[in-house]
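Observations on the three-dimensional arrangement
Here is how the chains run, residue by residue.
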Amino acid sequence: METIREIPGEAWQVVSAKFTGHLLEYLLIAGGAYVIFYILLRRRLSGRKIQPAFPKLPQMRREVLFSLLSFVVFGFSALLTVMLQRAGWGQIYVGIDSLGWGYFVFSVAAIILIHDTWFYWTHRLLHWRPLFRVVHRVHHLSHNPTPWASFSFHPLEAASHAIMFPLVAVVLPMHVSVVGIWLLYMTVMNVGGHLGFEILPRGFARHRLLGWHNTSVHHDMHHHRVHCNFGLYFNVWDRLMGTNHPDYLAEHDRITAGSAADSVEPTGGAEPEKVG
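None of the values given here were measured: they were computed from a predicted structure.

Packed helices, taken two at a time, are described by their axes: the angle between them and the distance between them. Two elements in contact, helix H3 (residues 100-126) and helix H4 (residues 129-140), have axes whose closest approach is 8 Å; the angle formed by their N-to-C orientations is 115 degrees. By the angle between their directions, the pair H3 and H4 is classed as roughly perpendicular. Residues His123, Leu125 and Leu126 of H3 form the contact with H4, whose participating residues are Leu131, Phe132, Val135 and His136. Of the residues contributing to the contact of H3 with H4, the split by class is five nonpolar, two polar and no charged.

Encoded structure:
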């Protein structure tokens, strides 16, 4: 297997490069979402606004500031990944033929599922009162989040998210493009969860298959109801652990009530049962 043993540049270059990459992705995806939903289509999509009020400028400034701090932390996570790779412990590789396309697809699914599990349980831990007051409260200052809140974390919370990847990279071989796919999916889902608008069609949350994927309503409810809906990508751990808000499906129905022409018919009819 061809591994990346030598990545040029000093430590500060690695950190700054990662910071710049996250910043550009943030400006493109979060900034693009803000322009579309909060400026260009604000009135047309007002019926899809999850919470009627629009956040004020001071909140968005705080969200951007803490997101920038998070990107610094992510930069140091990238540096740790590079150090592990140089030491021969990292499993990031180039050349898809090394492990084949089947493994490539498997590794994309694996890193997403591992991250979803990591996020759920560390998120639950951050809601432990001592940690919440000192660390996670920063994120929850955005009771009515905007796309700018997608990475608005206390630096310690950012570290709890960032440390996952270097640890996984030691045990799970990943092609370099798998890392890029995961980061893009993570950013899109994070921005979607903080969008403040529900863009998925009516019936999505109740669909027997699609309903396992989270919606904007799901995470928005976490921000203003707090002790529920801890999941990131999927609605699996929340169902297993009974942490979905009891009004989640009804709230999604309410927000999407005017979109009958754009609805998804539930296969099998009834709302998905809670697992476990």
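Structure's up, so let's keep going.
Let us now look at the environment of proline 145. On the secondary structure map, proline 145 appears in the loop between H4 and helix H5 (155-162). Under the relative-accessibility criterion, proline 145 is labelled buried at 0%. The spacing of proline 145 and histidine 219 is 74 residues in sequence and 9.6 Å in space, taken between C-alpha atoms. Setting aside residues no more than four positions away along its own chain, proline 145 makes contact with Tyr38, Gln51, Gln59, Glu63, His194, Leu195, Gly196, Asp220 and His223.

Okay, a nonpolar patch on the surface next. A contiguous nonpolar patch, built from Val35, Ile36, Ile39 and Leu40 and spanning about 360 Å² of accessible area, is present on the exposed surface. The topology assignment puts isoleucine 36 in helix H1 (residues 11-40).

Note on aromatic pairs: each is described by the distance of the centres and the angle between the planes. Counted by the stated rule, this structure contains 23 aromatic pairs. Centre to centre, the rings of tyrosine 26 and tryptophan 148 are 5.4 Å apart; their planes meet at 65 degrees, and the pair counts as edge-to-face. In this pair, tyrosine 26 is assigned in helix H1 and tryptophan 148 in the loop between H4 and H5, connecting sequence segments 122 residues apart. There is no split in this pair, since tyrosine 26 and tryptophan 148 are both buried. On the basis of an interplanar angle of 45 degrees and a centroid distance of 4.8 Å, the ring pair of tyrosine 185 and tyrosine 233 is categorised as tilted. Within this pair, whereas tyrosine 185 is found in helix H7 (residues 176-193), its partner tyrosine 233 is found in the loop between helix H8 (216-225) and helix H9 (237-241), the two being separated by 48 residues in sequence. Through successive ring pairs, a cluster of aromatic residues spans Phe19, Tyr26, Tyr34, Phe37, Tyr38, Phe54, Phe71, Phe74, Trp148, Phe151, Phe153 and Phe197.

Here H8 crosses helix H10 (residues 248-255) at 115 degrees, and the two axes come no closer than 10 Å. Along this stretch, H8 crosses H10, giving a crossing that reads as right-handed. Within the contact between the two elements, H8 uses Val217, His218 and Met221 and H10 uses Tyr248, Glu251, His252 and Ile255. Partitioning the contact of H8 with H10 into residue classes produces four nonpolar, two polar and one charged.

Analysis parameters
Residues numbered from 1 in each chain as written. Predicted model: local features only at pLDDT ≥ 70, side-chain atom pairs only at ≥ 80, totals over all residues. Heavy atoms only, no water. Axes fitted to C-alpha atoms, helices over the stretch in contact; angles between N-to-C directions. Helix = DSSP H or I, 4+ residues; strand = E, 2+ residues; numbered from the N terminus. Parallel < 35°, antiparallel > 145°, perpendicular 65-115°, else oblique. Contact = heavy atoms within 4.5 Å. Nonpolar A, V, L, I, M, F, W, Y, C, P; charged D, E, K, R; others polar. Buried < 20%, exposed > 50% of the residue type's maximum accessible area, 1.4 Å probe, protein only. Patch = residues over 30% accessible without salt bridge, like charges linked within 9 Å, V, L, I, M, F, W, Y side chains within 5 Å. Areas by Shrake-Rupley, 256 points an atom, 1.4 Å probe, with all protein chains shown as cover. Salt bridge = Lys/Arg side-chain N within 4 Å of Asp/Glu carboxyl O. Phe/Tyr/Trp six-rings, centres within 6.5 Å; stacked < 30°, edge-to-face > 60°. Left-handed = near helix turned anticlockwise from the far one by under 90°.

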